[in-house]
Amino acid sequence: MNLNTDISQLFKKKKVLYPTKKEMNLYYKVDKTTAPVTAILYILFVVVLLLGISKVLIYDKIMYVNNLMEVSQNLDNQIVEDTAYLTEYTATLEAYTRYSPTKQELELVNRLEILDLIDEKIRSASKISEISIEGNQVLVSFTNVTLDETAQIVASLEQSPIVKKTSVDTAYSLQDNKNVVDVSILIDVSKGGAQ
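Being a predicted model, the structure only gives us computed values, none of them experimental.

Peer 1: Help me understand the overall build of the chain, please; the structure alone is not making it clear to me.
Peer 2: Assigned secondary structure in the chain consists of six helices and four strands. Counting from the amino terminus, the chain carries its helices and strands in the arrangement α-α-α-α-α-β-β-α-β-β. Total accessible area computed for the chain in this model is approximately 16,800 Å², and 59% of it derives from carbon and sulfur atoms.

Peer 1: Honestly, unusual backbone geometry in this entry has me stumped. Any pointers?
Peer 2: Excluding glycine, most residues fall at negative phi; most peptide bonds, likewise, are trans. One non-glycine residue, Asn 144, lies in the positive phi region at around 65 degrees. By relative accessible area, which is 45% here, Asn 144 ends up partly exposed.

Peer 1: Explain the side chain of Thr 166 here, please?
Peer 2: Topologically, Thr 166 is positioned in strand E3 (residues 163-173). Here the side chain of Thr 166 touches Glu 158 through a polar contact of 2.6 Å, side chain to side chain.

Peer 1: How should the pattern of salt bridges be read in this particular structure?
Peer 2: If the charged atoms of two oppositely charged side chains come close together, the side chains can form a pair. Overall, the coordinates contain four salt bridges when judged by the stated rule. Between Asp 60 and Lys 55 there is a salt bridge, with its nearest N and O atoms 3.0 Å apart.

Peer 1: Is there a simple way to explain the packing of helix H5 (residues 111-123) against helix H6 (residues 147-158) in this structure?
Peer 2: Following both chains from N to C, one finds H5 and H6 inclined at 150 degrees, their axes separated by 9 Å at the closest point. By the criterion of interaxial angle, the relationship of H5 to H6 is roughly antiparallel. In this structure, H5 crosses over H6, and the sense of that crossing is right-handed. Residues Leu 117, Lys 121 and Ile 122 of H5 form the contact with H6, whose own contacting residues are Ile 153, Ser 156 and Leu 157. Taken together, the residues of the contact of H5 with H6 break down into four nonpolar, one polar and one charged.

Peer 1: Looking at this structure, I do not really get the pairing of strand E2 (residues 137-145). What am I missing?
Peer 2: Each regular strand shows side chains that alternate between the opposite faces of the sheet. Inspection of the sheet shows strand E1 (residues 127-134) paired to E2 by seven bridges, in the antiparallel sense. Considered in E2, the bridge of Ile 128 is made with Phe 142. Where E1 hands over to E2, the hairpin turn is made up of two residues, of which Gly 135 adopts a positive phi near 65 degrees. Inspection of the sheet shows E2 paired to strand E4 (residues 181-189) by seven bridges, in the antiparallel sense. Looking across to E4, one finds that Gln 137 is bridged to Asp 188.

Rules used in this analysis
- Residues numbered from 1 in each chain as written.
- Predicted model: local features only at pLDDT ≥ 70, side-chain atom pairs only at ≥ 80, totals over all residues.
- Heavy atoms only, no water.
- Helix = DSSP H or I, 4+ residues; strand = E, 2+ residues; numbered from the N terminus.
- Areas by Shrake-Rupley, 256 points an atom, 1.4 Å probe, with all protein chains shown as cover.
- Buried < 20%, exposed > 50% of the residue type's maximum accessible area, 1.4 Å probe, protein only.
- Polar contact = N/O pair within 3.5 Å; in protein donor to acceptor, adjacent residues only side chain to side chain.
- Salt bridge = Lys/Arg side-chain N within 4 Å of Asp/Glu carboxyl O.
- Axes fitted to C-alpha atoms, helices over the stretch in contact; angles between N-to-C directions.
- Parallel < 35°, antiparallel > 145°, perpendicular 65-115°, else oblique.
- Left-handed = near helix turned anticlockwise from the far one by under 90°.
- Contact = heavy atoms within 4.5 Å.
- Nonpolar A, V, L, I, M, F, W, Y, C, P; charged D, E, K, R; others polar.
- Pairing = 2+ DSSP bridges.

Printed below as a string of structure tokens:
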């Protein structure tokens, strides 16, 4: 026995202490899985993960390359079609340049108007031996007219809106008939009736 014991403690009633728990599991499930099922689930998870990664890293790139190859093939086909279409380009360009007027030709007076004027004013009164058209200048040589008829022809030519000016270059008499002369007239024409 211990003599140093506090007597007051002996007479006191001890409190009953119950065990206390600081954490509590509200849900508890008994593990009923087996090792093969767990292994299959992990293997399935890894397979799905690998499929996702392969789709992103491999399949999408293959589809992108296939789309680019298809676009490239379509462009190659279009190039072949355009090349076949353009094989006649030189002939078409030649025909176009032959039938379409150049800038210089557009600035010139229409040749048919000049020929109509000559036909109306000169050929009706004389015999034309030569017509030469160079740019906007026309040289007409004709015969079987008198000097009076030549003056009337020149006056009627100068009344035309396309004639800018006229000049009689040569007029000479024939040996046989002194009244009939050979005439060369230089006519300057302008487009749009500007005189």
